[in-house]
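The chain contents come next:
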Amino acid sequence: MNRLSFAALALSLVVGGTARADSVIILNSEEASYSILSRSTRTEVARLPVGREPHHLILSPDGKEVLIGSTATNELLSLDVKTGERKRVIKDILDPYHLGFSPDGKWFVTAAYRLDHVDIYHADGFKLAGRIFIDGLPSHIAFDAESKTVFVTLQQSGRLAAFDLATQALKWNVPVGNAPAGVVMLPDNKRLLVALTGEDNIVVVDPKDGAVKSSLQTGKGAHNFFPKGDGRHYFLSNRVEGTVSLIDTKDEPKVVGSVRIPGGPDCMDITPDGRELWVTQRFLRRVAIVDIDIMKLVGSIPVGKSPHGVFMMKSTANVTAGAPVRAASTAGEIK
Amino acid sequence: MRDLIDLWVGAQAWLFETLVSPILFKYGLMAWYEPGYSAVEFVMLGVVQIAVIAIGMRFFERRWPLEKAGEDDKLIMVDRVYTMLNKLGVIPLAIFILTYPLVQEIELTVRTWGYMPPRLERLLPWIGDNALVSFLVYFVLYDFAAYWLHRGQHAFGWWWALHSLHHSQRRMTVWTDDRNHVIDDLIITLALVLFSQFVGVQPGEYVVILMVGRLIESWSHANVDMSFGWLGERLLVSPRFHRLHHALSTPTERHIQDHNFAPVFPIWDILFGTAIYDEKIRPTGVDDATVDADNGRGWIAQQATVFGRFVRALLPRFSRRASAQ
């Protein structure tokens, strides 16, 4: 039995037909597997092999597939968003650490963290348009609303770079702080938030020229963002401090809430009802569940080694073709 | 089982967040955050290995010793130092820092050329379906590579100059496995890391392979009078099997150390004609007064002396000049 059919069988047997939209996928980056969790029972229902060193995953622009970046095997592994069944393997995507589709769905971009390059592909057919070698551990990516520019944090060199998607030319490359990681474009399309993992704050950056406009203290090891879904609030994981901050971005960004999440909190996703935030705890081999209304840790589910990317399998009603898309586990729907 | 995992990762996270993370954060080394966390696990596994050796394996050595306690017992002390330095990560950390940029550069260059390493899962997709099978397959491959590296240590003069330190121990015990020159450790580590990347060993798997393999190798050096039986001796390297490899050569057994190279699985020696089996008990060491003089030296003196041997083997002209003086 191959892995495709095993994944499908495991899901159909364990999760059950109507409960598939109830599933959550977690990538166990150091044991080459992904866990399938049940939201309702808060348990791991299956653990299946996947590539090598999987870190991030993303929904395809048509909303039909979840693409997992298998960094060490240089490929994307596709799961059916409804059934969890493996659909296909897209080969020759080098070191796909962080990945994202442009909002118009035409471009697919990967940050090759270990190999120091940013790859821009035509999303249709995953044909490489340009490979840009750039020093400094390209880490996370975000797009502007017009799908003209991709922004990439360079964790080692402490910079943020912008590339024109159509020409793959560098627009600017500026220092923003120590170890920038997560980056997100705010709905006004005029402000980028960049998390500084080597510091205890985030910075607000002008997407036109990379100028740092302001900064906001959050917690040590500010790392990754996830939108609350109201077009205004964003969650931020602070890896060193072991907290998740809630940031209000309406005017000048400010911290309006915080919750302690031990074990190096990293990627996040929200349940379809918007009530729970699920956070991977890299060091504890667990996924934390936060009650968003009261910003309190209410549960923690054991998974595999070094859990990184997290993805909620939502009902198809929430996923429509052509809808705005996001970068893996970072930026939510642009409203 | 989950409770045990929680206890383990809880301790690992506490050690990391208390001792390592603040240093990485303070000195702007956050790119080493994940490797730093793995390093803590490496040290913890080292402590476990030391405990297994000191408590478990030493029990057998005390209970069923092959060579009885004697004058040479004091020679064992330096091997304990080697084990501590290796298992607690001091030497591996130095090697990692030295080799990491090179390994990265090789991988980057290879990928830049558009060459994709033939990962094993691409050839045999079923391997990825079962964690245990996957581990065993990679373990066997790793051991195969280690077998040929070991043959290389005996085949080349410059390499033997380094490796002879390992063989010079006259009082072989469970502590002897780690008795190696740091340059020898560096060469072996670099070769095995590159090999592992080439065939697709996962970092998490590599640590387990390393730990299980090194524990078996520690045991194969044990001073115990114990046989695994006819079949067992052909499935897994035993202390009796490996002791033949360390046997002191004699005029009638001049090349006895050119046998039983396998670190874990004797099948390699059987397949390539280097296996020998017999019951005769022989003393260990090297029939060379220069090498034998390693006994009685401390860690620093051994490292310095063997480095000199290595340079002289590498540069014969320097050797002649040195001899003339």
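Residues numbered from 1 in each chain as written. Chains lettered and ligands numbered in written order. Predicted model: local features only at pLDDT ≥ 70, side-chain atom pairs only at ≥ 80, totals over all residues.

Student: With reference to specific residues and values, describe the overall build of chain B.
Tutor: Of the regular secondary structure elements, chain B holds 15 helices and zero strands. Radius of gyration (C-alpha) of chain B: 21 Å, near the 20 Å computed for a compact globule of 325 residues. Projected onto its principal axes, the C-alpha positions of chain B cover 55 × 50 × 45 Å. Taking all 325 residues of chain B together, 31% fall into the buried category. Taking the intrachain contacts of chain B between residues at least 6 apart in sequence as the baseline, contacts between residues at least 24 apart amount to 69%. (Helix = DSSP H or I, 4+ residues; strand = E, 2+ residues; numbered from the N terminus. Rg over C-alpha atoms; globule rule 2.2 N^0.38 Å. Buried ≥ 20, exposed ≤ 12 C-beta atoms within 10 Å, placed from the backbone. Contact = placed C-beta atoms within 7 Å.)

Student: Let's hear about the overall build of chain A: which residues, and what values?
Tutor: On a plain count of helices and strands, chain A comes out with one helix and 28 strands. For chain A, with 335 residues in total, the buried portion stands at 58%. Residue pairs in contact within chain A that sit at least 24 positions apart in sequence constitute 44% of those at least 6 positions apart.

Student: Any chance you could break down the interface of chain A and chain B for me, citing the residues and the numbers?
Tutor: If you look at the interface, chain A gives 29 residues, while chain B gives 24 residues. Counted by class, the side of chain A that touches chain B contains eleven nonpolar, ten polar and eight charged residues. (Nonpolar A, V, L, I, M, F, W, Y, C, P; charged D, E, K, R; others polar.)

Student: Quick one: what's the story with the UniProt feature "transmembrane region" (unreviewed entry) in chain B, residue by residue and with numbers?
Tutor: What UniProt calls "transmembrane region" (unreviewed entry) maps, in this numbering, to residues 7-25, 37-60, 81-103 and 123-141 of chain B. Across residues 81-103 of chain B, helical content stands at 91% and strand content at 0%; the span's end C-alpha atoms are separated by 28 Å. (UniProt positions renumbered as here; feature names shortened; annotations may be inferred.)

Student: Account for the packing of helix α6 (residues 131-155) of chain B against helix α8 (residues 182-199) of chain B, naming residues and giving values.
Tutor: Residue and element names in this part refer to chain B. At their nearest, the axes of α6 and α8 sit 10 Å apart, and the two run at 140° to each other. Read as a crossing pair, α6 and α8 show a hand that is right-handed. When α6 is examined against α8, the residues Tyr138, Leu141, Tyr142, Ala145, Ala146 and Leu149 are found in contact with a partner set consisting of Ile188, Ala191, Leu192, Phe195, Ser196 and Val199. Partitioned by chemical class, the residues of the contact of α6 with α8 number eleven nonpolar, one polar and no charged. (Axes fitted to C-alpha atoms, helices over the stretch in contact; angles between N-to-C directions. Left-handed = near helix turned anticlockwise from the far one by under 90°.)

Student: Go over the sheet that holds strand β15 (residues 170-175) of chain A, please, and point to the residues and values.
Tutor: All names here are of chain A. If you trace the four strands from one edge of the open sheet to the other, you get β12-β13-β14-β15, paired in antiparallel fashion. Pairing within the sheet leaves two strands with one partner each, and these edge strands are β12 (138-143) and β15. Strand-to-strand twist across the sheet, computed as the mean angle between neighbouring axes with direction ignored, equals 20°. (Pairing = 2+ DSSP bridges.)

Student: Residues and numbers for the pairing of β15 of chain A, please.
Tutor: Residue and element names in this part refer to chain A. Strand direction decides the pairing type here: strand β14 (residues 159-164) and β15, joined by five bridges, are antiparallel. From the neighbouring strand, Leu160 faces β15, where its bridge partner is Val174. Connecting the antiparallel pair β14 and β15 is a turn made up of five residues, with Gln168 showing a positive phi of about 60°.

Student: Any details on helix α3 (residues 77-87) of chain B? Residues and values, ideally.
Tutor: In an α-helix, one turn spans 3.6 residues, which is why side chains three or four residues apart end up on the same side. For α3 of chain B, the full list of buried residues reads Val78, Asp79, Tyr82, Thr83, Asn86 and Lys87 of chain B. Mapping the buried residues of α3 of chain B onto a view down its axis gives an arc of 160°, with all of them on the same face. (Arc of directions from axis to C-beta.)

Student: I'd like to hear about unusual backbone geometry, residue by residue, with values.
Tutor: All names here are of chain A. Look at Ala32: it is not a glycine, yet its phi comes out positive at around 50°. Given 27 C-beta atoms within 10 Å, Ala32 falls into the buried group. For Gln168, which is not a glycine, the phi torsion comes out positive at approximately 60°. Note on placement: Gln168 falls in the loop between β14 and β15. A residue is classified by how many C-beta atoms lie within 10 Å of it, and Gln168, with 18 of them, is partly exposed.

Student: With reference to specific residues and values, describe helix α7 (residues 157-167) of chain B.
Tutor: Residue and element names in this part refer to chain B. Counting buried residues in α7 gives eight out of eleven residues, a clear majority hidden from the surface. Those residues of α7 lying buried are Trp159, Ala161, Leu162, His163, Ser164, Leu165, His166 and His167. Contacts made by the buried residues of α7 are with α6, α8, α13 (289-292) and α14 (299-314).

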